[in-house]
Amino acid sequence: MLVFPAWPDGARHVDTAAITALVHGSADPTAADARSAGRPVPPPPHRLAVAQTLASTTPPLVAGTAGQVFATLAAVAAADVATARVVEPHLDALTILAQAGVEVPAGSTWGVYAAEAPGLRLEARDAAADTDAGTDIDAADGVVLDGTKPWCSLASTLSHALVTAHVGQERRLVAVSLRQTGVVPHDHVWVARGLPDVPSGPVDFTAVRASAVGEPGWYLRRPGFAWGGIGVAACWWGGAVGLARVLRAHAAARPESELLRAALGSVVADLADAEDALASAARRIDDSAGTADDATDWPLLAQVVRSRVRRAVDAVRTQVVRSIGPGPLTSDPAVAARVADLELYVLQDHGDRDLARIGRMVLERGGVAW
């Protein structure tokens, strides 16, 4: 699956065949490919089990492990996009908690809810000043949450989440159990055709107890925030690789079609561009290990990588859909699911708004060789 020599050694040690077998719940990846007679494959509970299994073998995303983490996420998405959508935030949360020195409850499953939306706001106040917060919150780091948080994936299913909440003018990260009174997910508002069983509706928090993770602003300022964003792009790329395999099989079954060969060649080139971006970023991150004076503009690098991958993935999806026609999209649930899931997943990139963000960063602080 990995071609570019820029990938760090850790990436090349990832067993993509074993990950495919794990995702599909089979010791034989080819058998998993053969059973796509219903959506979803695999079922949602299995995806959480995959996340927990991979958490036991995948290290936190730090300088020195980026290649391995990105390659793992890409392999999961190549097998099933929806599973990657579950695995990525779980691994991201465990990385953040490890960096903050916070113990993770055994058997817990995690999401990361950091999005904002107009008209919705989640506030955090000091638990020590709240007489209704109970006595089991450590006054040193305990907070109480009130308000609504948008885009909370699987909030009715997961045990815990890392959530950003407003504390004055800053946003602070908190760890919260989602299985307590006062946490009300609204899964019913999720009507998406892509990722339909990864509901990401808003959640109401009313006097909900939580623990602060890091100082205010720490979560967004650390290099790992940018690195985690690249990890999401690795999932997009992996999802597009899985879609490209559909086109390759379609073209192989029709060797007389020069148009399908041209379409496949276009997809190969687009995927290579995305892989180059990811491999180079992983190398930059891993090479920064032990470098005290690293001056890399990680937010700029991460956004450029995400935008490059988004462009490539959009191009691959468009080319594959146009080339295979309506047949597989209406008769093969695995293909239909992958197209719909991937189309929605890449919308975590904000298109022109994120390109404008790149332009703003370059005008303000440089960062390009020309």
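Just above, that's the structure.
Criteria and thresholds
- Residues numbered from 1 in each chain as written.
- Predicted model: local features only at pLDDT ≥ 70, side-chain atom pairs only at ≥ 80, totals over all residues.
- Heavy atoms only, no water.
- Helix = DSSP H or I, 4+ residues; strand = E, 2+ residues; numbered from the N terminus.
- Buried < 20%, exposed > 50% of the residue type's maximum accessible area, 1.4 Å probe, protein only.
- Contact = heavy atoms within 4.5 Å.
- Areas by Shrake-Rupley, 256 points an atom, 1.4 Å probe, with all protein chains shown as cover.
- Lys, Arg positive; Asp, Glu negative; His and termini not counted.
- Charge placed at Lys NZ, Arg CZ, Asp CG, Glu CD.
- Axes fitted to C-alpha atoms, helices over the stretch in contact; angles between N-to-C directions.
- Parallel < 35°, antiparallel > 145°, perpendicular 65-115°, else oblique.
- Left-handed = near helix turned anticlockwise from the far one by under 90°.
- Nonpolar A, V, L, I, M, F, W, Y, C, P; charged D, E, K, R; others polar.
- Expected span 1.5 Å × (residues − 1).
- Arc of directions from axis to C-beta.

1. Some remarks on the overall build of the protein chain
Scanning the protein chain from terminus to terminus reveals 13 helices and seven strands. Along the three orthogonal principal directions, the C-alpha set of the protein chain runs to about 75 × 50 × 40 Å. In the protein chain, which comprises 370 residues, the share counted as buried stands at 50%. Long-range pairs, those at least 24 residues apart, make up 74% of the contacts in the protein chain with a sequence separation of at least 6. Total accessible area on the protein chain is roughly 16,600 Å²; 56% of this is exposed by carbon and sulfur atoms. The protein chain carries 32 positive and 41 negative side-chain charges, and their two centres are separated by 5 Å.

2. As for the packing of helix α8 (residues 223-252) against helix α12 (residues 333-345)
Packing of α8 against α12 brings their axes to within 10 Å, and their N-to-C directions diverge by 150°. By the criterion of interaxial angle, the relationship of α8 to α12 is roughly antiparallel. Note that α8 runs across α12; the crossing there is left-handed. Taking contact as the criterion, the partners of Val232, Cys235, Trp236, Gly238, Gly239, Ala240, Gly242, Leu243 and Val246 in α8 are, on α12, Val335, Arg338, Val339, Leu342 and Tyr345. Classifying every residue of the contact of α8 with α12 by side-chain character gives 10 nonpolar, three polar and one charged.

3. A closer look at helix α4 (residues 44-55)
Look at α4: 17 Å from first C-alpha to last across 12 residues, which is about the 16 Å you get at 1.5 Å a residue. If you check which residues of α4 are buried, you get Arg47, Leu48, Val50, Ala51 and Leu54. Looking straight down α4, one finds its buried side chains confined to an arc of 155°; they lie on one side. Packing partners of the buried residues in α4 comprise α2 (16-24), α5 (66-79) and α6 (81-100).

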